[in-house]
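Observations on the three-dimensional arrangement
Chain residues, written in single-letter form:
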Amino acid sequence: MKFNRLLCGVASIVGLMAATANAETVKIGVVLTYSGGAAELGEQIDRGMNLFIDQNKDAFGGNEIELIKRDSKHPGGDIAKTAVQELITREKVDLLAGFIFSPNAMASAPVINQAKVPMIIMNAGTAWIPSLSPYIARVSFTMWQSGYPMGEYAAKDLGCKTAAVGFTDYPPGKDSRDAFSTGFEKFGGKIVESLPMGGPREVPDFTPFFQRVKNAKPDCFYIFVPAGNHAVSVVKTFTSLGMDEAGIKLIGPGDITQDTKLQEMPKEAAGMITMHHYSADYKTPANIAFVKAWKAAYGDDTIPDFMGVAGYDGMAAIAHAITAQNGKITADGTMKALAGWTFDSPRGKISIDPETRDIIQDENVHKVVWKDGRLGIEVIGTIPQVKDPCKANAIGKCAE
Ligand code: PHB
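Residues numbered from 1 in each chain as written. Predicted model: local features only at pLDDT ≥ 70, side-chain atom pairs only at ≥ 80, totals over all residues. Heavy atoms only, no water.

1. Let's talk about the pairing of strand 3 (residues 64–71)
Among the eight residues in strand 3, seven count as buried, and that is most of the element. Sheet analysis places strand 2 (residues 25–32) next to strand 3, joined by eight bridges and oriented parallel. Looking at strand 3, one finds that Leu-32 is bridged to Asp-71. After leaving strand 2, the chain enters helix 1 (residues 39–55) and then returns to the sheet as strand 3, a path that is right-handed. (Buried < 20%, exposed > 50% of the residue type's maximum accessible area, 1.4 Å probe, protein only. Helix = DSSP H or I, 4+ residues; strand = E, 2+ residues; numbered from the N terminus. Pairing = 2+ DSSP bridges. Right-handed = clockwise from strand over helix to strand, strands pointing away.)

2. So, the side chain of Asn-104
For Asn-104, the position within the fold is in helix 3 (residues 102–115). Relative accessible area serves as the criterion here: at 1%, Asn-104 is assigned to the buried category. A distance of 2.8 Å separates a polar side-chain atom of Asn-104 from the backbone nitrogen of Gly-77. Discounting residues that sit within four places of it in the chain, Asn-104 has contacts with Ser-72, His-74, Pro-75, Gly-76, Gly-77, Ala-80 and Phe-99. (Polar contact = N/O pair within 3.5 Å; in protein donor to acceptor, adjacent residues only side chain to side chain. Contact = heavy atoms within 4.5 Å.)

3. Considerations on the domain arrangement of the protein chain
It is common to give the size of an interface as the accessible area that goes away when the parts come together. You can read the domains of the protein chain as domain 1 (25–141 + 284–357) and domain 2 (143–276 + 362–399). Taking only C-alpha atoms into account, the centre of domain 1 sits 26 Å from that of domain 2. Listed as interface residues are 27 residues of domain 1 and, on the opposing side, 28 residues of domain 2. Between domain 1 and domain 2 the total buried area reaches about 2100 Å² when both faces are included, carbon and sulfur atoms providing 61% of it. The tally of links from domain 1 across to domain 2 stands at two salt bridges. The partner of Lys-387 in a salt bridge is Asp-353, with the nearest N and O atoms 3.9 Å apart. For the side of domain 1 that touches domain 2, the secondary structure elements donating two or more residues are helix 1, helix 3 and helix 10 (306–324). (Domains from an automatic or database assignment. Buried area = accessible area lost by both parts, 1.4 Å probe. Salt bridge = Lys/Arg side-chain N within 4 Å of Asp/Glu carboxyl O.)

4. Describing the environment of Lys-387
Mapped onto the fold, Lys-387 is located in the loop between strand 15 (374–386) and helix 12 (389–392). Here Lys-387 falls in the partly exposed class, since its relative accessible area comes to 43%. Each C-alpha atom, one on Lys-387 and one on Leu-51, is 27 Å from the other, the two residues being 336 residues apart in sequence. When neighbours within four sequence positions are excluded, Lys-387 is seen to be in contact with Gln-145, Asp-353 and Ile-360.

5. Re the site of the ligand
Every one of the 14 residues lining the ligand counts as a neighbour, but Ser-102, Gly-125, Tyr-170, Ala-227 and Asp-255 are closest to it. Here an oxygen atom of the ligand and a backbone polar atom of Gly-125 are 2.8 Å apart. A distance of 2.6 Å separates an oxygen atom of the ligand from a polar side-chain atom of Asp-255. In isolation the ligand has 280 Å² of accessible area, and contact with the protein removes 100% of it. A class-by-class count of the residues in the shell around the ligand yields 10 nonpolar, three polar and one charged. Taken domain by domain, the makeup of the shell around the ligand includes at least three residues from each of domain 1 (25–141 + 284–357) and domain 2 (143–276 + 362–399). (Near = heavy atom within 4 Å. Areas by Shrake-Rupley, 256 points an atom, 1.4 Å probe, with all protein chains shown as cover. Nonpolar A, V, L, I, M, F, W, Y, C, P; charged D, E, K, R; others polar.)

6. Considerations on the packing of aromatic side chains
The description of an aromatic ring pair uses the distance of the two centres, along with the angle that the planes make with each other. Here the structure, examined in full by the defined rule, presents 15 aromatic pairs. Taken together, a centroid distance of 6.2 Å and an interplanar angle of 70° make the contact between Phe-52 and Phe-60 edge-to-face. One exposure class covers both Phe-52 and Phe-60, and it is buried. Taking the centre distance of 5.4 Å and the plane angle of 80° together, the rings of Phe-52 and Tyr-312 count as edge-to-face. Of this pair, Phe-52 sits in helix 1 while Tyr-312 sits in helix 10, placing them 260 residues apart in sequence. Here the two residues Phe-52 and Tyr-312 agree in accessibility, since each one is buried. Each member of the aromatic cluster is reached from another via a ring pair, and the members are Phe-52, Phe-60, Tyr-278, Tyr-282, Phe-290, Trp-294, Tyr-298, Tyr-312, Trp-341 and Phe-343. (Phe/Tyr/Trp six-rings, centres within 6.5 Å; stacked < 30°, edge-to-face > 60°.)

This is the structure we're talking about:
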């Protein structure tokens, strides 16, 4: 049967190999934002998953997979939770995957926990989400993985003595704020402003927040906004207020320099420094091959970003778990298979920490450069194999 790439809510069976006598069909519930302002994010993860499937038909141990897709629409949590309930009770899925926004993963966690259906998180980055259930594993990132080392880098390498923090006011934003502030203050920096800047659904007018920061004259301005349209507006506002000329450095996690949004930003984005685990511009052979395959599959004018790579790697993790259990999925068997799983991802080596069920990966210092008529990412430093610093340092809810 042909794999259905477009329609949501339609189950599609992927015939992966000539079916063997004891082949199983594994049902995977996929919950992503397929419509509304964040539809591009869902499309990235969807495409990443499909690319892995297309390239690795023999990685599923001869079993078939059925993807049952649901649209979580917005970051509120309610639609995702209802979808998860329905996928578990009516569709009887073996596994759940996806989850762009933290509130969607958080609202669904008690449901998957009670039903013992494993959940593979392909984006939602609030550090403490995996503590909500032993059946959650994450293949994306944590907000602390980027924010905490960015704090250290800003204090030690960028020479910032003072910083302002601006964040989208919901769990990953608060997490990113805490991560940066903790790292920055640990290495002698002083936070002079900490500003919640609206919610994740609508892009706010950033001008009043940025004007306040400009008046406070910090050396660095650290910003977390969710990937998508918010970041373009951040850079435009920063530029139009002349904050660069005022001597303020714009920094943040790589969410604000997402590959698929860079070309919409003004040229003045060049010089921004962010901390992250993936860019389509990485020059490693694995990533060059990945980007080439992506363009061949989806068009020359498309590129993957950190969400696309998470979909790809997440499907690799699922393939591993299915093969390890001969297609007979249990929650405990899945978590056992994922504990310590390692993979040569386009982003570099990744693994799942057996203790926290969270990803371990390199964090790279990204410098935005203007080169060959486009904005791009240059890697100017690497912090190898970062474990989530929130759990490593048992901070706040990460200690529970
Ligand atoms: C989240 O809601 O956890 C989230 C969304 C977008 C990002 C990062 C985190 O870029």
